[in-house]
Amino acid sequence: MTIALGTPTVDGVREAMAALREWQDDGAPMQLHPGDIGWHHRFGAAGTAQVIRTWSRDGRIVAVGMLDAPRLLRMTVAPDAFEDEDLARRLVEDLSLPERGVLPEGAVSVEAPLGLLLHDLLSEEEWGVDAPWTPLFRDLTEPVQDSGVRIEPIGWDQAQDFADVLRSAFDTSRPTSEYRHAMSTAPFSADARCLGAYDDQGDVAAVVTVWSAGPGRPGLVEPMGVHANHRGRGPLRSCLDLAGCRRGPAENGVRSSVGRAGIDHRE
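Residues numbered from 1 in each chain as written. Predicted model: local features only at pLDDT ≥ 70, side-chain atom pairs only at ≥ 80, totals over all residues. Heavy atoms only, no water.

Draft legend 1. Representation of the overall build of the protein within the structure. Helix and strand counts for the protein stand at eight helices and 13 strands. Here the protein holds 267 residues, and the buried ones make up 52% of them. Long-range pairs, those at least 24 residues apart, make up 72% of the contacts in the protein between residues at least 6 apart in sequence. (Helix = DSSP H or I, 4+ residues; strand = E, 2+ residues; numbered from the N terminus. Buried < 20%, exposed > 50% of the residue type's maximum accessible area, 1.4 Å probe, protein only. Contact = heavy atoms within 4.5 Å.)

What follows is the structure, encoded as structure tokens:
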């Protein structure tokens, strides 16, 4: 059956995220998460749709990719297609040929779960291999102890506080109050939890957003940050703990985006 590569419409992004939600599993390798796309919505719905790529066969999405940067594609495939040779070879073609509209000419990278046949085929095409990242996972099957730090939801009224903490945490001027508003428009954003840890003066010291993939599936922490004035004092850990307590129904755990899977690159 023919495999079709596509860039979804704004409405079609929801279908891609729904597929990613279905594919999440505690026992699976670290992979692209619907929360990754949800966080990208800080750039708007249209801007997010433009960076998504889907591969479909017989009307079913079998692979999803997101251009996290113009030369970096983060992607995954359906769990039952990890060793699907037809899909893997089609992916190699689409990733290697700039005219397919996935990656440009020159040095590029592809981040995908370990265990994919895709990695072997890319190596045969003389793609290089970077060292895999280490995923961080927090099991939430047991109750999480409350540290006593004041934790409150970060809503639209606290959007500027959210941006200020991220600016300080990552030493950048890019985050704005619009980030929080735009994130709330993402598909399935109602399942996400955005929380802030407050200091004794009532200022937000740390923020974290946990994106749910649905009951019984791992969530994703993206983003998280602590204000430079509070580093080493524990507010982010408290925020993460309470984010676990306030996760979506029956969610098993959360994974941090600092850890990823195998990375292939082409010079």
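Draft legend 2. Structural detail: the environment of Ala-163. The topology assignment puts Ala-163 in helix α6 (residues 159-170). Residues Ala-163 and Ser-173 lie ten residues apart in sequence; the distance between their C-alpha atoms is 9.0 Å. When residues no more than four places from it in sequence are discounted, the contact partners of Ala-163 are Pro-175, Thr-176 and Ser-177.

Draft legend 3. How the structure looks around a negative patch on the surface. A cluster of acidic residues, Asp-25, Asp-26, Asp-139 and Glu-142, forms a negative patch on the protein surface. Tracing the sequence through the fold places Glu-142 in the loop between β7 (136-139) and β8 (150-153). (Patch = residues over 30% accessible without salt bridge, like charges linked within 9 Å, V, L, I, M, F, W, Y side chains within 5 Å. Areas by Shrake-Rupley, 256 points an atom, 1.4 Å probe, with all protein chains shown as cover. Salt bridge = Lys/Arg side-chain N within 4 Å of Asp/Glu carboxyl O. Lys, Arg positive; Asp, Glu negative; His and termini not counted. Charge placed at Lys NZ, Arg CZ, Asp CG, Glu CD.)

Draft legend 4. Region of interest: the pattern of salt bridges. Summed over all chains, the structure comprises eleven salt bridges. Ionic pairing is found between Arg-21 and Asp-191, a salt bridge with its closest N-O pair at 3.2 Å. Of this pair, Arg-21 sits in helix α1 (residues 12-23) while Asp-191 sits in the loop between α7 (177-183) and β9 (193-198), placing them 170 residues apart in sequence. Glu-152 serves as the salt-bridge partner of Arg-150, at 3.8 Å between the closest nitrogen and oxygen. Exposure remark for Glu-152: the relative accessible area of 32% places this residue in the partly exposed category. Through salt bridges with shared partners, a single ionic network connects Asp-36, Asp-68, Arg-74 and Glu-111.

Draft legend 5. Structural detail: the environment of Arg-14. Topologically, Arg-14 is positioned in helix α1. In the structure, Arg-14 is positioned 24 residues away from Gly-38 in sequence and 10.0 Å away in space, judged by C-alpha atoms. Setting aside residues no more than four positions away along its own chain, Arg-14 makes contact with Pro-187 and Phe-188.

Draft legend 6. Local environment of α6. For α6, which comprises twelve residues, the first-to-last C-alpha distance of 17 Å matches the rise-based estimate of 16 Å (1.5 Å per residue) to within 8%. Within the sequence span of α6, burial applies to Ala-159, Phe-162, Ala-163, Val-165, Leu-166, Ser-168 and Ala-169. Buried-residue contacts for α6 involve α2 (34-40), α7, β9, β10 (204-211) and β11 (219-226). A positive phi of about 50° marks Asp-171, the residue just after α6. (Expected span 1.5 Å × (residues − 1).)

Draft legend 7. Local environment of helix α4 (residues 85-96). Taking 1.5 Å per residue, twelve residues should reach 16 Å; α4 reaches 16 Å between its end C-alpha atoms and fits that length. Residues of α4 that are buried include every one of Leu-87, Ala-88, Leu-91, Val-92, Asp-94 and Leu-95, and no others. Sitting at the head of α4, Asp-84 places a side-chain oxygen 3.1 Å from the backbone nitrogen of Asp-86. (Polar contact = N/O pair within 3.5 Å; in protein donor to acceptor, adjacent residues only side chain to side chain.)

Draft legend 8. Spatial organisation of the nonpolar core. Counting 41 residues, the largest nonpolar core has Trp-55, Met-75, Val-77, Leu-95, Leu-103 and Leu-118 as the members making the most contacts within it. Listed by contribution, the elements that provide at least two residues to this core are α1, β2 (52-57), β3 (60-69), β4 (72-77), α4, β5 (108-112) and α5 (117-124). By size, the runner-up hydrophobic cluster in this structure holds 14 residues, among which are Trp-39, Leu-166, Cys-194 and Val-204. (Core = buried A, V, L, I, M, F, W, Y, C linked by side-chain atoms within 4.5 Å.)

Draft legend 9. Local environment of the pairing of β9. With five of six residues buried, β9 lies mostly within the body of the structure. When β8 meets β9, the two strands line up antiparallel, connected through four bridges. Bridge pairing links Arg-150 to Tyr-198 in β9. Here six bridges tie β9 to β10, and the two strands are oriented antiparallel to one another. Its bridge partner lying in β10, Arg-193 is registered against Val-210. What sits between the antiparallel neighbours β9 and β10 is a turn of five residues, in which Gly-202 has the positive phi angle 85°. (Pairing = 2+ DSSP bridges.)

Draft legend 10. A look at unusual backbone geometry. Omega for the peptide link from Glu-222 to Pro-223 comes to 0°, which places this bond in the cis form. Counting through the fold element by element, Pro-223 comes out in strand β11. Within the chain, Asp-58 stands out as a residue other than glycine whose phi angle is a positive 55°. Its place among the elements puts Asp-58 in the loop between β2 and β3. In the Ramachandran plot, Phe-188 falls in the positive-phi region, its phi being about 65° despite a non-glycine side chain. Mapping Phe-188 onto the fold places it in the loop between α7 and β9.

Bear in mind that shape data such as this cannot, by itself, settle questions of function.
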